[in-house]
Each structure stands twice: as C-alpha cells, then as structure tokens.
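Structural description and commentary
Chain by chain, the residues run as shown.
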Protein chains: 2
Amino acid sequence: MSKRLQLKTAEIEKATHIEYFNIALSVDCVIFGYEDKQLKVLVQKSDLAEFQGLYSLLGDLVRPNEDLDDAPYRVLSDRTGLRDVYLEQVHTFGGLNRHPSGRVVTTAYYSLIDVCHHALQITEHDVHWHAINDLKNLAFDHKLILDTCLERLRQQVMEEPIVFNLLQEKFSLRQLQDLYEAILGVELDRRNFRKRITLKNWLVDLNEMEEDVPHRPGKLYKLRTQLRREYRMSDKQRMQKMVV
Amino acid sequence: MSKRLQLKTAEIEKATHIEYFNIALSVDCVIFGYEDKQLKVLVQKSDLAEFQGLYSLLGDLVRPNEDLDDAPYRVLSDRTGLRDVYLEQVHTFGGLNRHPSGRVVTTAYYSLIDVCHHALQITEHDVHWHAINDLKNLAFDHKLILDTCLERLRQQVMEEPIVFNLLQEKFSLRQLQDLYEAILGVELDRRNFRKRITLKNWLVDLNEMEEDVPHRPGKLYKLRTQLRREYRMSDKQRMQKMVV
DNA sequence: TCCTTAATGTGTTAATAGTACATATTGTAC
DNA sequence: GTACAATATGTACTATTAACACATTAAGGA
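The following paragraphs examine the structure supplied in this document. The structure displayed is predicted, hence computed values, not measured ones.

Further remarks concern the state of the cysteines. All told, the structure shown has 0 disulfides over all chains when counted by the stated rule. Here B:Cys29 stays free of any disulfide, with the sulfur of B:Cys149 as its closest cysteine sulfur at 9.1 Å.

See below:
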C-alpha cells in the first residue's frame, strides 16, 4: 500500500497534507500465567535507555498487511511458540508521549496460557515470568496497561470459564480455588466456592484422584469439552463464529 | 514530528524500512440520544460511492499531535457543539479491508447526550438522529461498531448511573423506566424497577410534580449532584482523576 | 358534580443466590 | 495405630430477585 494511495473521502483527503500517517500502531500483550500459586505475567528487559533496568510487556508494531487482531496472535506465536491461545482485546492507549521515540498508539490484549504447556518455548533469554504482585514499575505505560488488563480479567473470571486456560487439563478443586484466589487477590470460602463452581456446571468429574500429593488426594476434574473448545479461541475467531 | 524521527528500539528501527507508518488511525463515535421513547444514534450520509445511500457514524482521523482519547471529544465538540460529554472507549477495529480507501484502524467510542440540550446544534444538514431499531445496514463496518457499543452500553446501564446523560435534569420514574426499556429492549416491571432504582440511592426527590401531562402527574427526581458531576466526565478526565 | 379512565404509587410473597459456619472422612507420616 | 492435614459435604441465615394486586390521584366528559 503506497502512501499515495487513491484517497476518496473528504476526511482522508486531508491526510496527505498533514501527514496523518505518521502514527505507528502497535500491540502489547499481557500474557498471564499461573505458577507456584501466583499469577504471573510474561515480561522482558526493556531495550530503551530511558527505561534501563525496567521490564516491559511483549509487543510489536502492527504490520501494514496484518489484521489488528492477528498481531497479538503473531506475537504470542513468535515469542512463546503457542497457537490457539485465549486472547482478548482490552483497551487502546494513545497518549501523546507514551513512547519516547515517537507517536505510537498501542492496543492492549490479554492472554491466558498454561505455563506447563508442552509447546511453550521461551527462547529469548531475557523473557521470563514475573509475579504480578512484585511488579511495581514497568517501562512505558505498561504498568497502566497491566493494571487495566488485570482489572478486566478479574471482571471476567466469575462470568466466563476462561481461567482453565491457565491450568493443565486435569485439576483438583483446591488447585482451581488457589488460582481464583491468586487472580482475585482474596481468600475464598472452600465450601461456597465449590457450590458456586458446581452450580455453573462447567466441570466434568473425571473419577480420578490426585497422585503424589503429601496429603489426602482430591478428585480430579476437567472443563467440559464444549466449553474448552469455545474458550480456547482468540477474539477474532470468536467474532468470526458469531458472524457465521 | 518527522517521519525521520530518532528511532531507538529495535522494533521501531524496522519501521522506516517497511513503512509501518502507513496505517491511519481514526475514531468513530456512537453518539446515543433518546427521543420519542426510542434510543437513537447520530449518523450522517456516507460520502463514499461504495456506500451510496448508507449512513455512517461520525468520526475523523486522529491528528498527529492529538491524544487518542481527545479525538472523539473533538468530534463531538465539532459536530454537536457539546463539551463535557460522557464518552467511553469500547473497542478498536483493525480489519485489513474495513475501509475501501486504504488501511484505517479505528477506535470506537460511545457517547450519551441529551437530545434537548440547549447547546446542541447540528449544523450539517445530512447529520441526523436515527432510531437504533430501524438501522439494519451502515457503511464500512459501522453496524458492527454500533452493535458492539450498544452491547457495552447495555452491560453498563445497570451498574453505573450513566443513562441520566440522555435525559434532562428533571425526570419522572416513568420516563426513566421508558429509557431503560428502550436501551435494554425489554419491558420491566414498574414496582421492581422503582425498588431497584431507589435501592441504588442514585436519585434525589425534588418534591416537584410533572406538569402538562394528560394524566396524573408523577413526582420529579434528579441524579445526585455528586454523581452527575462524576458521570458527565469523559474517559480521559476520569482516568486523570484516578491518577490524582 | 360525579363517574370513568388511565396513569401513579406502594407492599407481600416465593424463589433464588449468596454468606457464614461445623463436622465427618480419608490418606500420609510418624 | 494414632496424630495430623487436607478433602468432602450440609445447614441455617441473609440478601437479592421475580412475580404479582390493589389503592390513589388527577383529567375529561356526561
């Protein structure tokens, strides 16, 4: 696509003059994981002098021939090796000075992935998991982006069966409750938690037991196959399905 | 800002080569109004041949030196004369072929304004209110944008006191219920509705009565002054307040 | 003036969801 | 086999939601 493309609308005709195309568009991914009873996020060392010593989220510029919603999918695929991840667009941040190198507007997505997934491979040595609670500062406005995504995640976990993307296929109710507590940052009553979960009818009892635990083993469950399919899809895939 | 700006990060250094800056960024506003017991939206005739006869939302390209969240505010101000409107960012649409003239990514906002506001002036002759229920097609992907914003509005009306932006200062409970019904598209029980509203403690009884109605007049209420201030602010203003 | 009409204004009950809390059971480890 | 620690389950209380019926007030016409 050339910058001298055939512009047809009045509003776009002005663009060539004032160089409207001088805004770059990026995506930033808040990639959540769950490990050691802690909610974690994938970060990397910032490569900007301004932010020396700070971590930043994983992101990239959107390519000229790339659908916006494909970009975070590509970032996930490139940096973690994972495909078919859960992805959700959250907010677009367009402050004038959010990027020290120029005008970059970024769309934030959050993703939920299984830290133990066999296909997960983090090759870049400076990319690593970091507990949410220990992150006070991030490069750019990435702390704001993280907080915004975390808030959205907290809103959604009680309504939609999405947290299972953070767990392995089989899990006990205790593990599930630990996860919810890590996400919400509160302690939950075990009996009421079990009641709420069973009421939602999301789970299937596998009639299997935990193994190699230093206490009485709990029953194992998995997410209903139907729901597992539905909530492993990216935003874009879901939207396409809605249209169909 | 020159296109030859000092790029510092690796990811942005690639930009100059591949012409990443060839993506234009726009905002589109779903401006809701309420009239004749119907939820309406401000639309205008599309000026593109491809969409002849179709309406489109009000939008504009984001200016190089303009904060993203300021752009819809400017659109509102330019096209309706209104300032201090309620504005909420909803979603960013970045499909490859959503704009026939080139690559334009758009961030959608919805706004709630009072159709009877004294400062409201729609000067452009092709801009007008259109009932939501009669709109089957819009230019571009604007029908999808409208639907997405409407869905978000429906999610929010029961939680936050925002619908009052659509009404004049004084209103009866019947008028308020009609408005909720128009937004949600369902009929509500009068007694349960009144109970829910009074429980939320949003309203102040003005000890005044409706006048010039062809039936028994109802009591008039207004939104608490505190809330009225809080929920008349734009997204950006609220976020700034949160930081402070 | 009185009666009809149409809308406002309020209360009760049943069902459902949510919260607080106690006891029995099972497997591990000593 | 006994102490321990975690699983598993039930019950009473409260709050919220949903369904539903009747009295009251003003307008308008006979």
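Alright, that's what it looks like, and here's the rest.
Let us look at the protein's contact with DNA strand C. The immediate surroundings of DNA strand C are formed by 18 residues, with A:Arg191, A:Arg216, B:Arg190, B:Arg191 and B:Arg216 found nearest. Considering the 4 Å shell around the protein, atoms of DNA strand C inside it are sugar or phosphate in 41% of instances. In this structure, a base oxygen belonging to DNA strand C sits 3.2 Å away from a side-chain N or O atom of B:Arg190. Those elements that provide at least two residues to the surface near DNA strand C are α5 (190-200) of chain A together with α5 (190-200) of chain B. Of the residues assigned to the surface near DNA strand C, the class counts are 2 nonpolar, 4 polar and 12 charged.

Another point: the protein's contact with DNA strand D. In the vicinity of DNA strand D, 17 residues are found, and the nearest of them are A:Arg190, A:Arg191, A:Arg216, B:Arg191 and B:Arg216. In the interface set of DNA strand D, defined as its atoms within 4 Å of the protein, sugar plus phosphate atoms amount to 44%. One of the side-chain N or O atoms of A:Arg216 is found 2.5 Å from a base oxygen in DNA strand D. If you list the elements that add at least two residues to the surface near DNA strand D, you get α5 of chain A together with α5 of chain B.

Another aspect to go through is the nonpolar core. Formed by 46 residues in total, the largest nonpolar core has its most connected members in A:Ile31, A:Ile113, B:Ile31 and B:Ile113. Mapped by element, the contributors of at least two residues to this core are β1 (24-35), α2 (70-80), β5 (104-112) and β6 (127-131) of chain A together with β1 (24-35), α2 (71-80), β6 (104-112) and β7 (127-131) of chain B. Once residues lying within four places of it in the same chain are set aside, the contact partners of B:Ile31 are B:Lys40, B:Val41, B:Leu42, B:Leu58, B:Leu76, B:Ser111, B:Ile113 and B:Trp129. With 42 residues, the next largest nonpolar core counts B:Leu135, B:Leu146, B:Tyr221 and B:Leu227 among its residues.

As enumerated under the stated definition, the model contains 26 salt bridges over all chains in all. Taking the shortest distance from any N to any O, the salt bridge between B:Glu35 and B:Lys40 comes out at 3.2 Å. Since its relative accessible area comes to 29%, B:Glu35 is described here as partly exposed. Across the pair B:Asp36 and B:Lys40 runs a salt bridge, and its minimum N-O distance is 3.9 Å. On the accessibility criterion, B:Asp36 (61% relative accessible area) is exposed. The network of salt bridges with common partners includes A:Asp28, A:Arg98 and A:Asp141.

Next up on the list: the sheet that holds strand β9 (residues 219-223) of chain A. All names here are of chain A. Across the sheet, which stays open at both edges, the 3 strands sit in the order β7-β9-β8 with antiparallel pairing between neighbours. Either end of the sheet is taken by a strand with one partner, and the two such strands are β7 (171-172) and β8 (203-209). By the bridge criterion, 2 bridges tie β7 to β9 in an arrangement that is antiparallel. Among the inter-strand pairings, Ser172 is bridged to a residue of β9, identified as Leu220.

Residue and element names in this part refer to chain B. Their axes nearest at 9 Å, the elements helix α3 (residues 142-157) and helix α4 (residues 173-184) cross at an angle of 140°. Relative to α4, α3 is oriented oblique. Once α3 is placed against α4, the crossing between them reads as left-handed. Residues Leu150, Leu153, Arg154 and Val157 of α3 lie in contact with α4, whose contacting residues are Tyr180, Ile183 and Leu184. The residue makeup of the contact of α3 with α4, split by class, is 6 nonpolar, no polar and 1 charged.

Parameters and conventions
- Residues numbered from 1 in each chain as written.
- Chains lettered and ligands numbered in written order.
- Predicted model: local features only at pLDDT ≥ 70, side-chain atom pairs only at ≥ 80, totals over all residues.
- Heavy atoms only, no water.
- Disulfide = S-S within 2.5 Å.
- Near = heavy atom within 4 Å.
- Polar contact = N/O pair within 3.5 Å; in protein donor to acceptor, adjacent residues only side chain to side chain.
- Helix = DSSP H or I, 4+ residues; strand = E, 2+ residues; numbered from the N terminus.
- Nonpolar A, V, L, I, M, F, W, Y, C, P; charged D, E, K, R; others polar.
- Core = buried A, V, L, I, M, F, W, Y, C linked by side-chain atoms within 4.5 Å.
- Buried < 20%, exposed > 50% of the residue type's maximum accessible area, 1.4 Å probe, protein only.
- Contact = heavy atoms within 4.5 Å.
- Salt bridge = Lys/Arg side-chain N within 4 Å of Asp/Glu carboxyl O.
- Pairing = 2+ DSSP bridges.
- Axes fitted to C-alpha atoms, helices over the stretch in contact; angles between N-to-C directions.
- Parallel < 35°, antiparallel > 145°, perpendicular 65-115°, else oblique.
- Left-handed = near helix turned anticlockwise from the far one by under 90°.

Fair warning: the whole summary comes from geometry, so function is off the table for now.
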